[in-house]
Amino acid sequence: MPVTFNDVSYVYLPHSPYEHVALKHVNLKIEDQEFVAIIGPTGSGKSTLLQHINGLLLPSEGSINVNEYTITPKTKVRSIRNLRREAGLVFQFPEYQLFEANVHDDIAFGPKNFGVPANEIEERINSLMTTVGLPTSLLERSPFELSGGQKRRVALCGILAMNPSILVLDEPTAGLDPRGGAKSLNLIKKLNEEQGKTIILVTHEMDIVLEYCQRVILLIDGEVKADGKPADIFMNQELLAESKIVQPQVLQVATRLIKGGLKLDYRNIKNAEDLANEIARVKKGGVSK
Amino acid sequence: MKNITLGRYLPYDTWIHRLDPRFKIIAMIALLVCVFQPLPWIVNGFLALVILVLLLMSRVKISSIFKSLKAMWFMILVILIFNVILIRTGEVLFTIFDYPIYTKALLQTATIAVRLTLMISITTILTATTRPLDLTYGLEFFMTPLKVIKFPAHEIAMTISIALRFIPTLLEETEKIMKAQASRGVDLKGGTFKQKINGIIALIIPLFVSSFQRSEELANAMEARGYNPSGKRTRYRTLKFHAGDLVGLIVTCVVVALVFIAIYNPALIGIGGLV
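No experiment lies behind these values; they were computed from the predicted model shown. (Residues numbered from 1 in each chain as written. Chains lettered and ligands numbered in written order. Predicted model: local features only at pLDDT ≥ 70, side-chain atom pairs only at ≥ 80, totals over all residues. Heavy atoms only, no water.)

K.L.:
Got a minute to help me understand helix 4 (residues 73–86) of chain B in this structure?
P.N.:
Because each turn of an α-helix spans 3.6 residues, side chains separated by three or four positions end up pointing in the same direction. Residue and element names in this part refer to chain B. Over its 14 residues, helix 4 extends 20 Å from the first C-alpha to the last, a length consistent with the 20 Å expected when each residue adds 1.5 Å. Inspection of helix 4 places Ile79, Asn83 and Val84 among the buried residues, and these make up the whole buried set. Projected onto a plane normal to the axis of helix 4, the buried residues spread over an arc of 135 degrees and lie on a single side. Turning to helix 4, the residues buried within the fold contact strand 2 (99–102) and helix 5 (103–129). (Helix = DSSP H or I, 4+ residues; strand = E, 2+ residues; numbered from the N terminus. Expected span 1.5 Å × (residues − 1). Buried < 20%, exposed > 50% of the residue type's maximum accessible area, 1.4 Å probe, protein only. Arc of directions from axis to C-beta. Contact = heavy atoms within 4.5 Å.)

K.L.:
So what exactly am I meant to see when it comes to the environment of Ala280(A) here?
P.N.:
Residues and elements named next belong to chain A. In this structure, Ala280 sits in helix 11 (residues 272–284). Judged by its relative accessible area of 27%, Ala280 is partly exposed. Along the backbone, Ala280 and His104 are 176 residues apart, and their C-alpha atoms lie at a distance of 50 Å.

K.L.:
Mind showing me how you'd approach a nonpolar patch on the surface here?
P.N.:
Residue and element names in this part refer to chain B. There is a patch of nonpolar side chains on the surface, built from Trp15, Leu49, Leu52, Val53, Leu56, Met57, Val247 and Val251 and spanning about 690 Å² of accessible area. Listed by contribution, the elements that provide at least two residues to the nonpolar patch are helix 2 (41–57) and helix 9 (243–264). The dominant element in the nonpolar patch, judged by the number of residues it contributes, is helix 2, at 5 residues. According to the relative accessible area criterion, Met57 is partly exposed, its value standing at 35%. (Patch = residues over 30% accessible without salt bridge, like charges linked within 9 Å, V, L, I, M, F, W, Y side chains within 5 Å. Areas by Shrake-Rupley, 256 points an atom, 1.4 Å probe, with all protein chains shown as cover. Salt bridge = Lys/Arg side-chain N within 4 Å of Asp/Glu carboxyl O.)

K.L.:
Sorry, what's going on with the side chain of Lys197(A) here?
P.N.:
All names here are of chain A. Here Lys197 is to be found in the loop between helix 6 (178–194) and strand 8 (198–202). Of the side chains with opposite charge, Glu194 lies nearest to the buried Lys197, which makes no salt bridge, at 11 Å. Within polar-contact distance, the side chain of Lys197 engages the side chain of Asn163 at 3.2 Å. What Lys197 contacts, discounting residues up to four positions off in sequence, is Gln33, Glu34, Leu160, Asn163, Pro164, Ser165, Leu191 and Asn192. (Lys, Arg positive; Asp, Glu negative; His and termini not counted. Polar contact = N/O pair within 3.5 Å; in protein donor to acceptor, adjacent residues only side chain to side chain.)

K.L.:
Just to check I follow, could you spell out the state of the cysteines for this structure?
P.N.:
What is meant by a disulfide is a covalent connection between two cysteines, made through their sulfur atoms. Residue and element names in this part refer to chain B. Taken as a whole and judged by the stated rule, the model has 0 disulfides over all chains. Looking at the unpaired Cys253, the closest cysteine sulfur is the one in Cys34, lying at 11 Å. Residue Cys253 is classed as partly exposed on the basis of its relative accessible area of 47%. (Disulfide = S-S within 2.5 Å.)

Here you go:
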């Protein structure tokens, strides 16, 4: 079932000197199994938007449909509690949420809260450790002894252990080295392709958006400014100039080559390898793969 | 978390906001002393009126004061019970199950309730109109003479200002961790007692871990910039006594003088008959 935002607005601290309108009449529909990126400058309402998807924030106006749940300004939090299991939200720097005595208990914390039977939790933990590429010997260790990247993967396991159908991630690569970032994105992609999870992520790294995502939503000042395929948005020079988005590096090269007269089809380019293939194809004047 | 209203600085620009923090601290103490005097009701009413005017001037919401009283009803109830048992003077107002309730007991409780309300109002005015940093500058000023007896005035002021500086940060952090754990099914409002305890543990441990990390980082950052607690330093913002402060000082003196005359020589201001 899709995620739908119907004319959603959100105001922080209404009627106070700190009042701030974070979302303004947002209308969106995210289909099942989509891989969507939400981009936009700091303070454009990206995180606020994410927190509406699992009901952490209730809209000030409008409504949101996620699976069979409907969230309106008057929704009681109790009634949407199970939504939090179905739409797993991974916060920025999720390693800060670790607290249990060992990795095993920390991963089991979420599913336990939602009443998943113990033997099923065990199964999930074992298969998840393989999925995220952590040795099962870590299960007995304290989460505070692990390295930064390991901590983050454990935290991700903690959300995945609830087996959500929608995975929402706030800057999953922040603070990771390039290789760690690529690793976690490949993992997310695998979850999308093999397990059919809907992925909605916020990121500031446009190269990632181009390479992994099927769709981009650009938020500016709490409004949806653009919504479409990454390549189309990143080649829209007017939009880039207006919203101060930095073009992904491969597209910067492609733009120059196209300007120089090379008839590249930018829609085929997602990373450096694609760019090379595309140049080869154009140069040969035929189809190459 | 952001909706904690009581005692929070409100970024308006009123006359009270612009007053010197040092003066505001003194005025607050003076008013508190007045409030806790054994006052006749008419003088209490006068003080309440003065404080009400100050509240309105500083744009503190009166409703927020009453909200804080809600949290105190239990304390007032306990005081009432003690007073009913202990105070046996005055007239008997009525009897419950042959137990006499004296008027004095009720009056005494009412007085305490009024005093508490006024006390909260006064302190709220101070904290709502003074930036926490200005407040610590003010405190440091009053502690400076104690340096003579090797009292670490600057260090204490620095500690207080760091603590104050990190209150909003910690609240933000708390909110973030709460949301992260709520996403993992923690339900601090509903849920059984055991679930609530587990939820609190899931909140407190990460908060401790990140606070320790933060304090270490801050200490390193300060060291890296050559911080030396015993060094002599200048201020970016210096406190100055303005004409407005003088007006405030005169008003405070008049109020305090009126209150004390009312206590010790009521005839002087023509309310002798009323007391």
